[in-house]
Amino acid sequence: MTEIRVLDGNSHICKISVMGPYLDFYVFFAFFSAKHIGRVTTHMGHLGLAVEGESVEVMLEDHPTYLDCFLRLNHALMAGDGPLPKHIRRYVAIMASCRHHCNYLVEQQRSEFLEAGGPPEWLEGLTYTPKKIQDLHTTNVILAHQPWLFDVQHVEKLLKSNWSVSELTQAICIMVHFHALSSYIYGAGIEDASGELQSNYPPFLHPNDMACCSGSPNSCELQEGGVDVLLERIKTLALNQNSHNVTEEEHRDSFEKMKKQTACLSTPQPETGPQQSRYSFLSPDPDFKYVDFGPKKGEKTPVPTLKSQDCSWEDTGYSLMHQLYSEIGDILDDKFKTAYSMTYYTCGHQNHVDTFLFRQAVWNYLHCLFGIRHDDYDYGQINHLLERSLKSFLKTVACYPERLCSSGIVPPPIMKGFLQSEKVHVLVLVLEARLQAELLHGLRALEHYLL
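If you're wondering where the values come from, they're calculated on a predicted model, not measured in any experiment. (Residues numbered from 1 in each chain as written. Predicted model: local features only at pLDDT ≥ 70, side-chain atom pairs only at ≥ 80, totals over all residues. Heavy atoms only, no water.)

K.L.:
I'd like to hear about the packing of aromatic side chains, residue by residue, with values.
P.N.:
What characterises a pair of aromatic rings is the spacing of the ring centres plus the angle enclosed by the ring planes. Evaluation of the coordinates by the stated rule reveals 15 aromatic pairs. Here Phe-255 and Tyr-379 contribute two aromatic rings whose centre-to-centre distance is 5.1 Å and whose plane-to-plane angle is 70 degrees, an arrangement assigned as edge-to-face. Here Phe-255 is found in helix α13 (residues 248-264), whereas its partner Tyr-379 is found in the loop between β6 (372-373) and α17 (380-385), with 124 residues between them in sequence. Residue class for Phe-255 comes out buried when judged on its relative accessible area of 0%. Aromatic pair Phe-358 and Phe-418: ring centres 5.6 Å apart, planes at 35 degrees, arrangement tilted. Placement of Phe-358 in helix α16 (residues 356-369) and of Phe-418 in the loop between α18 (388-399) and α19 (420-450) is noted, with a sequence separation of 60 residues between them. Exposure remark for Phe-358: the relative accessible area of 6% places this residue in the buried category. The ring centre of Trp-163 lies 5.0 Å from the NZ or CZ of Lys-132, which sits over that ring. The residue whose ring lies beneath Arg-403 is Tyr-400, and the NZ or CZ to ring-centre distance is 3.9 Å. (Phe/Tyr/Trp six-rings, centres within 6.5 Å; stacked < 30°, edge-to-face > 60°. Helix = DSSP H or I, 4+ residues; strand = E, 2+ residues; numbered from the N terminus. Buried < 20%, exposed > 50% of the residue type's maximum accessible area, 1.4 Å probe, protein only. Lys NZ or Arg CZ within 6 Å of the ring centre and 35° of its normal.)

K.L.:
Quick rundown of helix α14 (residues 313-324)? Include the residues and the values.
P.N.:
Here α14 is twelve residues long, yet its end C-alpha atoms lie only 14 Å apart, well below the 16 Å a rise of 1.5 Å per residue gives. Looking only at α14, the buried set comprises Trp-313, Thr-316, Gly-317, Leu-320, Met-321 and Leu-324. Seen along its axis, α14 keeps its buried residues to an arc of 120 degrees; they face one direction. Exposed side chains of α14 directed beyond 90 degrees from the buried face belong to Glu-314, Asp-315 and Gln-323. Buried residues along α14 sit against α9 (165-187), α15 (326-341) and α19. (Expected span 1.5 Å × (residues − 1). Arc of directions from axis to C-beta. Contact = heavy atoms within 4.5 Å.)

K.L.:
Describe in detail the packing of α13 against α16, supporting the description with residues and values.
P.N.:
At a minimum axis distance of 10 Å, the contact between α13 and α16 shows a crossing angle of 75 degrees. Judged on the interaxial angle alone, α16 and α13 are roughly perpendicular. Here Phe-255, Met-258, Lys-259 and Thr-262 of α13 lie close against α16, whose contacting residues are Tyr-365, Cys-368 and Leu-369. Here the contact of α13 with α16 is built from residues that sort into five nonpolar, one polar and one charged. (Axes fitted to C-alpha atoms, helices over the stretch in contact; angles between N-to-C directions. Parallel < 35°, antiparallel > 145°, perpendicular 65-115°, else oblique. Nonpolar A, V, L, I, M, F, W, Y, C, P; charged D, E, K, R; others polar.)

K.L.:
Tell me about α16, and please be specific about residues and values.
P.N.:
With 14 residues, α16 extends 20 Å between its outermost C-alpha atoms, agreeing within 8% with the 20 Å of an ideal straight helix rising 1.5 Å per residue. For α16, the tally of buried residues reaches 13 of 14 residues, placing the bulk of the element in the interior. Gly-371 lies just past α16 and shows a positive phi near 75 degrees.

K.L.:
Before we move on, could you go through the environment of His-374 and cite the residues and values that matter?
P.N.:
Topologically, His-374 is positioned in the loop between β6 and α17. C-alpha of His-374 to C-alpha of Gln-309: the two residues are 65 residues apart in sequence and 7.6 Å apart in space. Among all residues touching His-374, those that are not within four sequence positions of it are Ser-308, Trp-363, Asn-364, His-367 and Tyr-379. Side chain to side chain, His-374 and His-367 meet in a polar contact 2.9 Å long. (Polar contact = N/O pair within 3.5 Å; in protein donor to acceptor, adjacent residues only side chain to side chain.)

K.L.:
Give me the lowdown on the nonpolar core, citing residues and values where you can.
P.N.:
The tendency in soluble globular proteins is for nonpolar side chains to be buried as a group. By size, the foremost hydrophobic cluster in this structure holds 121 residues, and its most contacted members are Tyr-91, Phe-358, Leu-394 and Leu-439. Sorting elements by how many residues they give to this core places α19 first, with 15 residues. With residues up to four places along the chain from it excluded, the contact list for Leu-394 reads Val-362, Tyr-365, Leu-366, Leu-369, Leu-386, Val-426 and Val-430. (Core = buried A, V, L, I, M, F, W, Y, C linked by side-chain atoms within 4.5 Å.)

K.L.:
Residues and numbers for a negative patch on the surface, please.
P.N.:
A contiguous patch of negative charge, built from Glu-248, Glu-249, Glu-250 and Asp-253, is present on the exposed surface. Examined against the element boundaries, Asp-253 turns out to sit in helix α13. (Patch = residues over 30% accessible without salt bridge, like charges linked within 9 Å, V, L, I, M, F, W, Y side chains within 5 Å. Areas by Shrake-Rupley, 256 points an atom, 1.4 Å probe, with all protein chains shown as cover. Salt bridge = Lys/Arg side-chain N within 4 Å of Asp/Glu carboxyl O. Lys, Arg positive; Asp, Glu negative; His and termini not counted. Charge placed at Lys NZ, Arg CZ, Asp CG, Glu CD.)

K.L.:
Explain the side chain of His-179 residue by residue, including any values.
P.N.:
Tracing the chain through its elements places His-179 in helix α9. Leave out the neighbours within four places in its chain, and His-179 touches Ala-96, Arg-99, His-100, Asn-140, Leu-143, Ala-144, Arg-434 and Glu-438.

K.L.:
For the pattern of salt bridges, give the residues involved together with the corresponding values.
P.N.:
Scanning all chains against the criterion turns up 13 salt bridges. Here Asp-334 ties to Arg-72 by a salt bridge, and the two come within 2.6 Å at their closest N and O atoms. Taken together, the residues Asp-334 in helix α15 and Arg-72 in helix α3 (residues 64-79) connect sequence positions 262 residues apart. Residue Arg-72 is classed as partly exposed on the basis of its relative accessible area of 21%. Between Glu-256 and Lys-259 there is a salt bridge, and its shortest N-O distance comes to 3.3 Å. In this pair, Glu-256 and Lys-259 both sit in helix α13, three residues apart, roughly one turn of the helix. Judged by relative accessible area, Glu-256 falls into the partly exposed class, the value being 32%. Here the salt bridges do not stand alone but share partners, grouping Asp-68, Arg-72 and Asp-334 into one network.

K.L.:
Requested: an account of the environment of Val-227, with residues and values cited.
P.N.:
Along the chain, Val-227 falls in helix α12 (residues 227-243). Linking Val-227 and His-349, residues 122 residues apart in sequence, is a C-alpha distance of 8.1 Å. In contact with Val-227, not counting residues within four places along its chain, are Cys-347, Gly-348, His-349, Gln-350, Lys-416, Gly-417 and Phe-418.

K.L.:
Give me the lowdown on the side chain of Gln-109, citing residues and values where you can.
P.N.:
Take Gln-109: it is sitting in helix α5 (residues 103-115). Classification of Gln-109 as buried rests on a relative accessible area of 0%. Polar contacts involving the side chain of Gln-109 include one to the side chain of Gln-108, which spans 2.3 Å. Apart from residues no more than four positions distant in its own chain, Gln-109 is found in contact with Met-78, Arg-90, Ala-93, Ile-94 and Phe-178.

Here it is, written out as structure tokens:
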């Protein structure tokens, strides 16, 4: 047990005891907080989260069970048992963090890479690494931006490049962990507050007035009414669920409709060319980005949707992960369950309320963005529970988190009336839903190879 000193939300120094194995990543988050001390609080996360010294404190005090799961996973991936040498793990984390120009993560992992004995010349660029590492680049790019394209052919190619199945499994877990963590860091406003990334994207603006077929009825009413309107809609939907049976065909149609609506949602677009970061040379191909899932014009054979009945985490992903990487499988299962089911039965100023339908809507909407359909879910609920601006934010933070940099311009608040801890929980759902979606696509390809 180690005692460290951190600043709480009121800038008071407090002492916190941290278990030894988790100290490295706790100090990493404290490093985030410390770099913001003394900054003017004009930089805010787009959920209204002040990042000045609060990142660790909020997660530790408000969601301690989840934080423990998070720290256990990071420690097991980066310092626990596994086939990859420690410096390789750190370099894979660097490659993953570069996809969204997350300089905070790159800097931290760069230091850890050198401490683990990694060759300094590898940090000069991906071309300075062995061919085995270079061959992982395509997998990193696909999983980060269009994971549904990752298939058995990619697995076979890597295995021919001297990757073993166990090594590839660990590398995939590290990559998806740091892709998703990048989304959290941008969503909380940490990267934006650093001032190190010169964004060429315009400020993130809420799409309230633009012509958009987002499908959210009375979105302004939900945004302006906030928690009170949301809770009324949750009650109405809960009652309707008990009195109306939706057919399998209606479920499928609601998913297809949601896919089309998400394609209509605008996200910040670059004002100049592809965005470059100080470490772009460690992960080339900046033009390869997220595209809306679904058939494109001229495509005769669109990429099939990954249906939960065919490959869900509970029925397929967990058992395969337990077979390939048992320690991580157990921790991931605990982490997913904690994030998804975590509730304190509050919503803003209201107590003794069940927010499951809202949490489910956020989770399933994020999975929809990455081509995963939950067969027994009516996607029409999403339009009733998520305001248009929140859907646009979720799409941006999950698919293009680097576009949230806003040059210090603070947009109007999203999720009116929600507590800060509840907004943090939404970011946790983004992190975990994205991680699970990428992982399921990766595991599906591995499963097809092993069959």
